[in-house]
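So you can see what is in the structure, the chains are spelled out below.
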Amino acid sequence: MASSSQIPPAFVRLAAHPLRWRLLTELAESDYRVRELVTRVGEPQSLLSYHLRLLRDGGLVTATRSSFDGRDTYYHLDLDRCADALADAGAALHPALRRGPAPCAPPVDPGRSPRVRVLFVCTGNSARSPIAEALLRHRTGGRAESVSAGSRPKPRLHPNAVRVLHDDFGIDIAGQRPRHFETVAGRRFDYVISLCDRAREVVPDFPEHPRRAHWSIPDPAAAGDTDQASYPAFHHAAADIDTRIRHLLPVLSANRS
């Protein structure tokens, strides 16, 4: 019987399979529904569902029901969990290979390259997308042009979106107002990222075909009837968005350098 030191770490066993590695690389770019993964990977749904279940059991992939169509499920790659698993796998091979997570690289200096332009979209443009807009601007010190808009904008920002950014990140967006897609129509963007399953279905086309990604994040405003009841959901959503922003930064840097 092989000793524990002779058995590859769980991450290595999971990621070494060619199809699972392909699924990981696809989900590293965006959240997808299984039928979209079938199209992108070119394998039958039954086979993909089996391997997605293994990745979920291994803690690398999570699944959430679509808020647009409850029959759909979005799959999401937990990049922080992957980073920890990779570090543990290196340490299992040799202690000298233990490393902390690599620092996220900011977008390139705008003095040496044009600023990257990112548009975040959701339905009401009152919670998730303005949070993402503010956090990208905050994390890059304004070196990225960050914009948000909605398909059916609300009259004002949700008070808890304003509150959570102020309390958790020291960001003030109290003077901001939701805007409609039409206000940014015709503008050039490098990335268009949807955070709402419903808005994803109606995002318009933009010039020069920006890269598209989807972050399936539940609407925190739906968590309670009062601001106080929903605030924990806003705290969770902002933390999730901030994690995804941190993972986006090296991608923006790599694609603009």
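See the structure shown above.
What comes next is a walk through the structure. (Residues numbered from 1 in each chain as written. Predicted model: local features only at pLDDT ≥ 70, side-chain atom pairs only at ≥ 80, totals over all residues. Heavy atoms only, no water.)

Right, let's get into unusual backbone geometry. For N125, which is not a glycine, the phi torsion comes out positive at approximately 50°. Secondary-structure assignment places N125 in the loop between β4 (117–122) and α6 (128–140). Of the residues examined, N125 reaches a relative accessible area of 1% and is grouped as buried. At E208, a residue that is not glycine, the phi angle is positive and equals roughly 65°. As for its placement among the helices and strands, E208 is situated in the loop between α8 (197–200) and β7 (211–214). (Helix = DSSP H or I, 4+ residues; strand = E, 2+ residues; numbered from the N terminus. Buried < 20%, exposed > 50% of the residue type's maximum accessible area, 1.4 Å probe, protein only.)

This part covers the side chain of D242. With respect to the helices, strands and loops of the structure, D242 is situated in helix α9 (residues 227–256). Since its relative accessible area comes to 8%, D242 is described here as buried. If sequence neighbours within four positions are ignored, D242 has contacts with L135, R139 and F169. (Contact = heavy atoms within 4.5 Å.)

Taking strand neighbours across the sheet as the criterion, the three strands line up as β1-β3-β2 in an open arrangement whose pairing is antiparallel. In this open sheet, the two edge strands, each paired with only one partner strand, are β1 (32–33) and β2 (61–65). The pairing of β1 with strand β3 (residues 73–77) spans two bridges and is antiparallel. By the bridge assignment, Y32 is partnered in β3 with Y75. (Pairing = 2+ DSSP bridges.)

With that out of the way, let us pick up helix α4 (residues 45–57). With 13 residues, α4 ought to run about 18 Å at 1.5 Å a step, and its terminal C-alpha atoms sit 18 Å apart, in line with that. Of the residues making up α4, those classed as buried are L48, H51, L52 and L55. Down the axis of α4, the smallest arc covering the buried residues is 105°, so these residues share one side. Every exposed residue of α4 that faces more than 90 degrees away from the buried side is listed here: S46 and D57. Buried positions along α4 lie against α1 (10–15), α2 (18–27), α3 (34–41), β2 and β3. Downstream of α4 by a residue or two, G59 has a phi angle that is positive, lying close to 80°. (Expected span 1.5 Å × (residues − 1). Arc of directions from axis to C-beta.)

Okay, the packing of α3 against α4 next. It is at 10 Å that the axes of α3 and α4 come closest, and there the two elements cross at 110°. When the interaxial angle is binned, α3 and α4 end up roughly perpendicular. Considering how the two elements wind past one another, α3 and α4 form a crossing that is right-handed. For the pair α3 and α4, contact is made by V34, L37, V38 and V41 and by Q45, L48, S49 and L52, respectively. Counted by class, the contact of α3 with α4 contains six nonpolar, two polar and no charged residues. (Axes fitted to C-alpha atoms, helices over the stretch in contact; angles between N-to-C directions. Parallel < 35°, antiparallel > 145°, perpendicular 65-115°, else oblique. Left-handed = near helix turned anticlockwise from the far one by under 90°. Nonpolar A, V, L, I, M, F, W, Y, C, P; charged D, E, K, R; others polar.)

Further remarks concern the pairing of β3. Across the five residues of β3, four count as buried, placing the element largely inside the fold. Sheet analysis places β2 next to β3, joined by five bridges and oriented antiparallel. Pairing of T62 across the sheet is with H76, part of β3.

This part covers the sheet that holds strand β6 (residues 191–194). Ordered by their spatial adjacency, four strands build an open sheet running β5-β4-β6-β7, and the pairing between neighbours is parallel. Across the chains shown, the open sheet's two edge strands, defined by having one partner strand only, are β5 (145–150) and β7. Across this sheet, the average inter-strand angle for adjacent strands is 20°, counted without regard to direction. In this sheet, β5 lies alongside β4 in parallel orientation, the contact comprising six bridges. By the bridge assignment, V121 is partnered in β5 with A149. Contacting β4 and β5, α6 crosses the sheet at an angle of about 175° to β5.

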